[in-house]
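Here's the letter readout for the chains.
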Amino acid sequence: MEILIFCLIALLSYLLGSLNFGVILSKAKGEDVREKGSGNAGTTNMLRNYGKGMAALTIIGDMAKVAVAILISVYTCKRLDIINDTQSIPMEMLVKCFSGFFCVLGHIFPVFFKFKGGKGVATSGGMVFMIDWRIGLILLGIFIIVVLITKYVSLGSLIMAALYPILIYLLHRDILAALISLIFTAIVFIAHRENIKKLINHNENKISLKKKESE
């Protein structure tokens, strides 16, 4: 029974993750953000091509979908007594990690958009805050500092992903949750493989919040 429930959680979370708001919002304008700029369907490329308003809507949508996936997953497990009052916190956190992982997977490889999505930064951020807000604040602070200093969003994202499983283990001492987090980190690095090459070759694009002269 529990195996079936976790399979359904994985499927639901993946499908919700596949609702890539960068693609949805750009298609509402008769375009596809994946055909512009870096070709990525994430917040950064939306910012560069459609401005702050569309970027804000993208990040809100991509964070909200993982929150919905995790809330539904936890609620379902509590109703079915998979998570109950006799257990310690790790079971609930494990469900959150499991659901969040598949939601991020859906964002990066969306079934609705030919498996070409974003890098998973906003969705990952939403997942981390749902799992442990303390870790979320720590990683957000590190991300902001790295981006402000280097102007590389990709570098900030990679550092966050690398630190995530370490913080999960240090704060919760849960090996299984840490392993799921480590797999998540590997997928984020794979999604950023081109950015890693550009960072090494010093030709990665830098972010700018200044308005263009043409705007």
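Look above for the structure.
The structure reproduced in this document is the subject of the present report.

Conventions and cut-offs
Residues numbered from 1 in each chain as written. Predicted model: local features only at pLDDT ≥ 70, side-chain atom pairs only at ≥ 80, totals over all residues. Heavy atoms only, no water. Axes fitted to C-alpha atoms, helices over the stretch in contact; angles between N-to-C directions. Helix = DSSP H or I, 4+ residues; strand = E, 2+ residues; numbered from the N terminus. Left-handed = near helix turned anticlockwise from the far one by under 90°. Contact = heavy atoms within 4.5 Å. Nonpolar A, V, L, I, M, F, W, Y, C, P; charged D, E, K, R; others polar. Buried < 20%, exposed > 50% of the residue type's maximum accessible area, 1.4 Å probe, protein only. Parallel < 35°, antiparallel > 145°, perpendicular 65-115°, else oblique. Core = buried A, V, L, I, M, F, W, Y, C linked by side-chain atoms within 4.5 Å. Salt bridge = Lys/Arg side-chain N within 4 Å of Asp/Glu carboxyl O. Phe/Tyr/Trp six-rings, centres within 6.5 Å; stacked < 30°, edge-to-face > 60°.

1. Some points on the packing of helix α8 (residues 153-172) against helix α10 (residues 193-200)
Part 1 of the argument: In the contact formed by α8 and α10, the axes pass within 10 Å of each other and the chain directions differ by 115°. The element α8 and its partner α10 pack so that their crossing is left-handed. Here Ser154, Leu155 and Leu158 of α8 come into contact with α10, specifically with Asn195, Ile196 and Leu199.
Part 2 of the argument: A per-class count over the contact of α8 with α10 returns four nonpolar, two polar and no charged.

2. Details of unusual backbone geometry
Part 1 of the argument: The phi dihedral of Asp81 is positive, around 65°, even though this residue is not glycine.
Part 2 of the argument: Mapping Asp81 onto the fold places it in the loop between α4 (52-79) and α5 (89-108).
Part 3 of the argument: On the basis of relative accessibility, which here comes to 49%, the residue Asp81 falls in the partly exposed class.
Part 4 of the argument: Here Phe115, not a glycine, exhibits a phi torsion of approximately 60°, which is positive.

3. Details of the packing of α4 against helix α6 (residues 121-131)
Part 1 of the argument: Where α4 meets α6, the closest approach of the two axes is 8 Å, and the angle between their N-to-C directions is 40°. In terms of orientation, α4 and α6 fall into the oblique class. Pair α4 / α6 crosses with right-handed handedness. Residues Ile59, Asp62, Met63, Lys65, Val66, Ala67, Ile70 and Leu71 of α4 form the contact with α6, whose participating residues are Ala122, Thr123, Gly125, Gly126, Met127 and Met130.
Part 2 of the argument: For the contact of α4 with α6, a count of residues per class yields nine nonpolar, three polar and two charged.

4. Thoughts on the nonpolar core
Part 1 of the argument: In terms of nonpolar packing, the biggest core is built from 43 residues, with Met127 and Tyr164 touching the most fellow members.
Part 2 of the argument: Elements that contribute at least two residues to this core include exactly α1 (2-17), α4, α5, α6, α7 (133-150), α8 and α9 (175-191).
Part 3 of the argument: Per-element tally for this core: the top contributor is α5, with nine residues.
Part 4 of the argument: Sequence-distant contacts of Tyr164, defined by excluding residues within four places in its chain, comprise Cys97, Met127, Val128, Ile131, Ile135, Leu139, Ser181 and Phe184.
Part 5 of the argument: Judged by nonpolar contacts, the second largest core, of eight residues, contains Leu25, Tyr50, Met54 and Phe113.

5. Some remarks on the pattern of salt bridges
Part 1 of the argument: Across all of its chains, the model carries eight salt bridges by this definition.
Part 2 of the argument: A salt bridge links Glu92 to Lys96; the shortest N-O distance between them is 3.7 Å. Taken together, the residues Glu92 and Lys96, both in helix α5 and four residues apart, mark about one turn of the helix. Assigned by exposure class, Glu92 and Lys96 land together as buried.
Part 3 of the argument: One continuous salt-bridge network, built from bridges that share partners, spans Lys27, Asp32 and Arg34.

6. Digging into the packing of aromatic side chains
Part 1 of the argument: Scanning the entire structure with this criterion turns up four aromatic pairs.
Part 2 of the argument: Ring geometry for Phe6 and Phe98: centres 5.2 Å apart, planes at 80°, overall edge-to-face. One end of the pair, Phe6, is in helix α1; the other, Phe98, is in helix α5, and 92 residues separate them in sequence.
Part 3 of the argument: Using a relative accessible area of 17% as the deciding quantity, one classes Phe6 as buried.

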